[in-house]
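Structure assessment
Below are the chains, spelled out letter by letter.
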Amino acid sequence: MSRIPTLAPGATIGMLGAGQLGRMTALAAAQLGYKTHVYAPDAADSPAAQVSAAATIAGWDDLDALERFARSVDAVTLEWENVPVATVEHLRRFATVNPGPNVLAVAQDRVAEKSFVNGLGIGTAPWRAAHSAAEVAAAVAEIGPRCVLKSTRLGYDGKGQARIDATVDPAQAWESIKTSAAIVEGFVTFACEVSVIVARGGDGAMVAYPAVENRHKDGILDVTIAPAKIAPATLAEAERVARRIAEALDLIGVLAVELFVTPDGGVLVNEMAPRPHNSGHWTMDACASSQFEQLVRAVCGLPLGSVERVADAEMTNLIGDDVLQWPALLAEPGARLHLYGKAEARPGRKMGHVTRLFPKTS
Ligand code: AMP
């Protein structure tokens with residue numbers, strides 16, 4: 001039995017956040033006959049607002065605007081896991097919100113996230129919480145000389161992070177990340193980085209896309225290779241871990257789990273995001289149902305879609321000026337181009353992506 005009512009096509013989905021993930025979710029919603037109403041402090045002409053039926057531009061703490069928004073939609077979901085938990089708690093007085101505040105609280109804080117994952121018996125890099133340069137130094141003394149220091153909150157694409165090794169001392173690293181709460185992680189010498197995307201419905205049903213390999217450039221995802229070319233046992237373990245986490249969170253929606261593959265074929269969880277993920281964009285072109293459609297299905301109380309993969313895929317992000325290649329990409333037979341409608345191609349900004357398909361090898 002589903003814990004959320006089935007919303008028939010024609011209903012309106014409320015979307016917290018208005019970036020490209022919201023845009024692609026709104027497009028998937030439209031394909032199934034749903035409307036989207038986005039809510040964000042900066043929603044004007046945003047990637048998601050451009051393709052949605054309505055947009056509210058208001059702060060995360062504007063209680064009246066939040067109430068009006070929640071009363072005007074049939075269900076609320078999100079494309080950004082850092083929406084304040086208090087915002088979601090308020091919205092929940094007037095509408096169902098999935099994923100819920102318990103999921104966000106874990107995903108917003110690296111210490112909560114690692115504690116949760118380790119509590120399930122799932123491995124991560126060794127870590128310690130730190131609130132001062134002295135605590136960072138103590139953690140490095142325990143963990144080892146090569147570490148990564150990260151702010152516990154609001155880090156993405158390698159922002160709010162510093163490497164510690166023989167050339168960078170803990171005090172320097174602490175000064176550089178400018179935060180009051182951090183996590184010190186042991187540096188993992190990984191064979192590769194992979195991620196698994198799971199969708200889970202209100203009835204507890206789950207589907208998982210195969211693990212994909214992610215290659216980064218300057219801390220930002222560059223290329224995703226689907227499926228990852230790793231040992232079958234590692235693929236299976238990555239999927240088991242992602243499913244276990246989604247179940248333990250009692251997630252309704254979509255969860256991306258990023259993992260390091262160790263040289264012996266084991267996996268360690270790096271981080272997770274309870275929303276569609278950049279490493280799942282290939283599913284739009286290579287699978288029966290995309291990660292975005294799965295989110296729509298989950299939050300509307302519909303059965304989840306098939307994750308059947310019809311092709312292997314390689315997804316390349318178009319960052320900043322990369323987007324200027326659009327004429328060549330349009331001319332390339334078989335290249336699937338997705339642009340996000342962002343006016344200005346600032347360095348480091350995700351402007352779009354291109355997916356290329358290949359015959360299935362497994
Ligand atoms: P994150 O924001 O935690 O996903 O980190 C961004 C990137 O930094 C990851 O995708 C890895 O390439 C690298 N990284 C993060 N943490 C570690 C670690 N503990 N060991 C080695 N590399 C890491």
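Our subject is the structure listed above.
These remarks concern the structure in this document. (Residues numbered from 1 in each chain as written. Predicted model: local features only at pLDDT ≥ 70, side-chain atom pairs only at ≥ 80, totals over all residues. Heavy atoms only, no water.)

Our next topic: a nonpolar patch on the surface. The grouping of W326, L330 and L339 at the surface amounts to a nonpolar patch, some 310 Å² of accessible area in total. The residue W326 is located in helix α11 (residues 326-331) in this model. (Patch = residues over 30% accessible without salt bridge, like charges linked within 9 Å, V, L, I, M, F, W, Y side chains within 5 Å. Areas by Shrake-Rupley, 256 points an atom, 1.4 Å probe, with all protein chains shown as cover. Salt bridge = Lys/Arg side-chain N within 4 Å of Asp/Glu carboxyl O. Helix = DSSP H or I, 4+ residues; strand = E, 2+ residues; numbered from the N terminus.)

By the secondary structure assignment, S2 is in the segment before β1 (12-16). A C-alpha to C-alpha distance of 37 Å links S2 and T316, two positions 314 residues apart in sequence. Contacts of S2, omitting those with residues within four sequence positions, involve G202 and D203. (Contact = heavy atoms within 4.5 Å.)

This next bit is on helix α5 (residues 110-119). The complete set of buried residues in α5 reads R110, E113, K114 and V117. Looking straight down α5, one finds that the buried residues subtend no more than 90 degrees of arc, so they occupy a single side. Where α5 begins, one side-chain oxygen reaches toward the backbone nitrogen of V111, 2.8 Å away; that side chain belongs to D109. Within two residues after α5, G121 carries a phi angle of roughly 80 degrees, on the positive side. (Buried < 20%, exposed > 50% of the residue type's maximum accessible area, 1.4 Å probe, protein only. Arc of directions from axis to C-beta. Polar contact = N/O pair within 3.5 Å; in protein donor to acceptor, adjacent residues only side chain to side chain.)

Read from one edge to the other, the open sheet built from four strands follows the order β5-β8-β6-β7, with strand pairing classed as antiparallel. In this open sheet, the two edge strands, each paired with only one partner strand, are β5 (127-130) and β7 (161-164). Neighbouring strand axes in the sheet, compared pairwise and without regard to direction, differ in orientation by 20 degrees on average. Alignment of strand β6 (residues 147-151) against strand β8 (residues 182-186), held across five bridges, turns out to be antiparallel. Bridged to S151 within β8 is A182. Packing against the sheet, helix α6 (residues 133-143) makes contact with β5, β6, β7 and β8, and its axis sits at approximately 170 degrees to β5. (Pairing = 2+ DSSP bridges. Axes fitted to C-alpha atoms, helices over the stretch in contact; angles between N-to-C directions.)

Taken as a whole and judged by the stated rule, the model has 17 salt bridges. Across the salt bridge formed by R71 and E67, the nearest N and O atoms sit 2.8 Å from each other. Of this pair, R71 and E67 both sit in helix α2 (residues 63-72), four residues apart, roughly one helical turn. Classification of R71 as exposed rests on a relative accessible area of 58%. Here D250 makes a salt bridge to R200, at a shortest N to O gap of 2.9 Å. Taken together, the residues D250 in the loop between α8 (232-248) and β13 (253-261) and R200 in strand β9 (residues 192-200) connect sequence positions 50 residues apart. Judged by relative accessible area, which is 36%, D250 ranks as partly exposed. On the basis of relative accessibility, which here comes to 8%, the residue R200 falls in the buried class. Within the structure, one salt-bridge network assembled from shared partners comprises R3, R200 and D250.

With that settled, consider the site of the ligand. The environment of the ligand is formed by 16 residues, the closest being K150, Q161, V188, E193 and E271. Taking Q161, its side chain carries an N or O atom lying 2.8 Å from an oxygen atom of the ligand. In the environment of the ligand, a nitrogen atom lies 3.0 Å from a nitrogen or oxygen atom belonging to the side chain of E185. In the complex, 94% of the free accessible area of the ligand, which totals 470 Å², lies under the protein chains. At the level of elements, β6, β7, β8, β13 and β14 (267-273) are the ones that each hand at least two residues to the shell around the ligand. Grouping the amino acids of the shell around the ligand by side-chain chemistry returns five nonpolar, four polar and seven charged. Three or more residues apiece are contributed to the shell around the ligand by two domains, here domain 2 (126-186) and domain 3 (192-358). (Near = heavy atom within 4 Å. Nonpolar A, V, L, I, M, F, W, Y, C, P; charged D, E, K, R; others polar. Domains from an automatic or database assignment.)

This brings us to the pairing of strand β11 (residues 212-217). Sheet topology note: the β9/β11 ladder contains two bridges and is antiparallel. Of the residues in β11, the one forming a bridge with V194 is E213. Here five bridges tie β11 to strand β12 (residues 220-226), and the two strands are oriented antiparallel to one another. Looking at β12, one finds that R215 is bridged to V223. Linking two consecutive strands that pair antiparallel, namely β11 and β12, is a turn of two residues; a positive phi of about 50 degrees is found at D218 within it.

From the geometry alone we can't say anything about function, so treat these as descriptive.
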